[in-house]
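Structural description and commentary
Now for the letters of each chain:
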Amino acid sequence: MQKPPGLTTSRLLICTLALTQVCECLPSFAAKKNPPPDQAVMVKLPAPPKLKQIQGDERVLHALDRLTFGPRPGEVEEVRAMGLDTWITQQLHPAAIDDTVMDKRLEQFPAMRLSEEDLTRKFPPGSIIRQVENGKISTPLFNATERAIYENQVVTDRKKQEQDKDKAKNPPAVNSPPPPATPPVLSAQEIAALLSLAPGPRMTKLLALPAGEYGPVRHQLSPVQRTALEDGMSPEQRETLIALDNPRQVVQNELLQSRVLRAVYSQRQLQEVMTDFWLNHFNVFQGKTGEEIYSLVPYERDVIRPNALGSFEVLLYETATSTAMMTYLDNAGSTGPHSFNAMGGPGRPLPPKNASPKGLNENYARELMELHTLGVNGGYTQRDVTEVARVFTGWTIEQPPKGGPRFVFDASRHEPGIKRVLGVNIKENGFKEGLEVLHLLATSPATAHFICRQLAVRFVSDDPPQSLVDRLSTVFLASNGNIGEVMRFLVQSPEFWSVTSYRAKIKTPEDFVISAVRAGGIDVQDANVVVKAIADLGQPLYGRQTPDGYSMLSAPWINSSALLERMNFSLALAGNHLSKGVTADWLSQLGAVSLLPDLEERQIENLIMHGQVSEKTRTLILQQLQSNPAQPMPVAIGQPLNPAQAHQAADREAALTAGLLFGSPDFQRR
């Protein structure tokens, strides 16, 4: 083949791409002008810059710092033995990675396998309970467990309404005495008898309690008794115990815990990092109505994770039709001002000229262009926002008890007529208008630059070179938005491996907490503790109220108060002061019984930091250890420590070292 003048082989890259297709069960939803399944794409790229590159183990550490939530003990050696290129290739193809151990760990969360419809039926939110109270939905008749859950919630809700009315009529005085304590539902003897039962009979006894009494019973138990109540029960039975008191809590606990456990333990680390990236990019806040948590389960499981390294256009379509996004950005309620629904059928007068479009909601249309695709400077106007909002009228949610929650297109609410978006006429075509607009946005050069810059900020530097963004954008467009292919080019770029990019990013609170847990090989039996730690440091999962998501830049996360909070967390984590459900045994990790302070610091440093500690930090830690040694074990005067006590005492010294390393400036970087 004759090359154009001046075009070298290194500047002509040929790649064969397997392009993801829209879900087979919805063939009519396929976006306009989809490419064929396999296509050879020729990408003409300018020569990349010549930059000084990191070498040796630094490359392995850099890849693990950027493409995972941080290395676990022994992982550097595993990747080195496998070969870095082989490991990266595996991570780019997560389906080929055996993650059965992770799947086994997630079996404790059976609710996470349910559809949104089944979740809302089995663990009814407040809106469903109110429909039961109003006679729109029936209480389950043939499932004793679900019936007990519904009846408990109905009684609890009615009691709360009565209490609220009573407070409104008779507000308490400023210095009124506290209300009398509620008498216990069960006596001490009855509780002891209940806890002595086998799991099956114990559950039967609880389900037989009068409606509304399980919650008070649970709250009168001590923490030890609550543990005994769950002892020996299956994951499904434990879910029932929580649901009898608060069904929504089952869904929230399991969603947040499973997300954290995947980040800590999954072998498919790049997929989890990309899942986190897209959950932030297509942000949905869990607290808008209090019930988004139900739609966030399929949003994370079925929309984001499977498409995290796939086709951007498919990802865009899946988020657009998700109940989570439709509720959060209000498109489910958007109605065309001239639609059949708004006009009330034929013969109705048109709205007054120049009147505001009644029923039209522009929230999703605006964020679709500003945050999801084109970017704030992507060349669209306010008119484009209004026109896109008109296109997406009728994209809504079928609610219970009609078979929902699920996406539907309601033609009666769709705005008729031609729309003009970014200079393109969108002919009247019902649901397919939305597909045409999504395709137009997904294939726009402005979208390519915006998405590729976001990826470069996340994986390379806070201010990535424009030349890198331009090259990635070319790949994005040539590959029809193949995210995995863009990532492959990104990790092959000299900018990714440059000396200036190495350890140049500051960890967000989520990255920091998860990387500390992974670095220490810390055992997580209660992931709620990790979820709370991330929230306490300022980045609660699904907790960003505005649709822009959390910042991936360093500056918002670094100040004296934040660093102090990180140090406090580090010492608590390393010293096993967070919870019995999150524990570390440092000497066992090191394979030692006791160590001298200097040698101990070096070994723990190598375990956690792999030699990435400055001499200044090392000196400060050794000084801190000498001036503030860990408190010794209390023993009787003259009595020597037994082996277990000696191990614990030495482990406390090691824990202090680990905590100081976690809290050091060196560990904050990745």
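It should be noted that the structure appears before, not after, this text.
Residues numbered from 1 in each chain as written. Predicted model: local features only at pLDDT ≥ 70, side-chain atom pairs only at ≥ 80, totals over all residues. Heavy atoms only, no water.

**Points about helix 3 (residues 84-91)**
Along an α-helix, residues three or four apart share an orientation, since each turn contains 3.6 residues. Among all positions of helix 3, only Leu84, Trp87, Ile88 and Gln91 are buried. The buried residues of helix 3 occupy an angular sector of 100° when the element is viewed end-on, so they sit on one face. Tucked inside the fold, the buried residues of helix 3 contact helix 1 (57-67), helix 2 (75-82), helix 14 (269-281) and helix 24 (483-492). (Buried < 20%, exposed > 50% of the residue type's maximum accessible area, 1.4 Å probe, protein only. Helix = DSSP H or I, 4+ residues; strand = E, 2+ residues; numbered from the N terminus. Arc of directions from axis to C-beta. Contact = heavy atoms within 4.5 Å.)

**Here's the deal with unusual backbone geometry**
With phi around 55°, asparagine 480 is a residue other than glycine that occupies positive phi space. In this fold, asparagine 480 is placed in the loop between helix 23 (466-478) and helix 24. Residue asparagine 480 is classed as partly exposed on the basis of its relative accessible area, which comes to 32%. For asparagine 576, which is not a glycine, the phi torsion comes out positive at approximately 60°.

**Some remarks on the packing of helix 14 against helix 15 (residues 292-304)**
Geometry of a packed helix pair, given as the angle between the helix axes and the separation of the axes. Contact pair helix 14 / helix 15: the axes reach a minimum separation of 11 Å and the direction vectors enclose 120°. Classified by the angle between their axes, helix 14 and helix 15 sit oblique to one another. Between helix 14 and helix 15 lies a crossing of right-handed hand. Counted together, Thr275, Trp278 and Leu279 of helix 14 and Tyr299, Glu300 and Ile304 of helix 15 form the full contact between these two elements. Classifying every residue of the contact of helix 14 with helix 15 gives four nonpolar, one polar and one charged. (Axes fitted to C-alpha atoms, helices over the stretch in contact; angles between N-to-C directions. Parallel < 35°, antiparallel > 145°, perpendicular 65-115°, else oblique. Left-handed = near helix turned anticlockwise from the far one by under 90°. Nonpolar A, V, L, I, M, F, W, Y, C, P; charged D, E, K, R; others polar.)

**Some remarks on the side chain of arginine 305**
Within the secondary structure, arginine 305 sits in the loop between helix 15 and helix 16 (312-320). By relative accessible area, which is 8% here, arginine 305 ends up buried. At 2.9 Å, the side chain of arginine 305 forms a polar contact with the side chain of glutamate 300. With residues up to four places along the chain from it excluded, the contact list for arginine 305 reads Arg262, Gln271, Glu272, Thr275 and Glu300. (Polar contact = N/O pair within 3.5 Å; in protein donor to acceptor, adjacent residues only side chain to side chain.)

**Structural notes on the side chain of lysine 419**
You can see lysine 419 is positioned in strand 5 (residues 419-421). Look at lysine 419 and you get buried, because its relative accessible area is 0%. In terms of polar contacts, lysine 419 uses its side chain to reach the backbone carbonyl oxygen of glycine 417, at 3.0 Å. If we ignore the near neighbours within four places in the chain, the residues touching lysine 419 are Glu387, Arg390, Val391, His414, Val424, Asn425, Ile426 and Glu433.

**Focus on the pattern of salt bridges**
In the structure shown here, the tally under the stated rule is 28 salt bridges. Here glutamate 387 ties to arginine 390 by a salt bridge, and the two come within 2.8 Å at their closest N and O atoms. Placement of the pair is glutamate 387 and arginine 390 together in helix 20 (residues 382-391), with a separation of three residues, close to one helical turn. Judged by its relative accessible area of 9%, glutamate 387 is buried. Among the residues examined, arginine 390 registers a relative accessible area of 15% and is labelled buried. Arginine 544 is the partner of aspartate 548 in a salt bridge, and the nearest nitrogen-oxygen pair spans 3.2 Å. By relative accessible area, which is 39% here, aspartate 548 ends up partly exposed. Each of Asp118, Arg121 and Glu146 takes part in a single network of salt bridges with overlapping partners. (Salt bridge = Lys/Arg side-chain N within 4 Å of Asp/Glu carboxyl O.)

**A word on the packing of aromatic side chains**
One pair of aromatic rings is described through two measures. These are the centre distance and the angle between the planes. For the structure shown, the criterion picks out 17 aromatic pairs. Seen in terms of ring centroids, phenylalanine 277 and tryptophan 278 are 4.8 Å apart; in terms of plane orientation they differ by 80°. Their pairing is edge-to-face. Residue phenylalanine 277 is classed as buried on the basis of its relative accessible area, which comes to 3%. Seen from their ring centres, phenylalanine 407 and phenylalanine 431 are 6.1 Å apart, and the 50° between their planes marks the pair as tilted. Of this pair, phenylalanine 407 sits in strand 4 (residues 406-409) while phenylalanine 431 sits in helix 21 (residues 431-442); the two residues are 24 residues apart in sequence, bridging distant segments of the chain. Just as phenylalanine 407 is buried, phenylalanine 431 falls in that class too. Put simply, the rings of Tyr364, Phe392, Trp395, Phe407, Phe409 and Phe431 touch in pairs and so form one group of aromatic residues. Lying over the aromatic face of phenylalanine 667, lysine 507 brings its terminal NZ or CZ to 3.5 Å of the ring centre. Positioned above the aromatic ring of phenylalanine 512 is the side chain of arginine 566, whose terminal nitrogen or guanidinium carbon lies 5.0 Å from the ring centre. (Phe/Tyr/Trp six-rings, centres within 6.5 Å; stacked < 30°, edge-to-face > 60°. Lys NZ or Arg CZ within 6 Å of the ring centre and 35° of its normal.)

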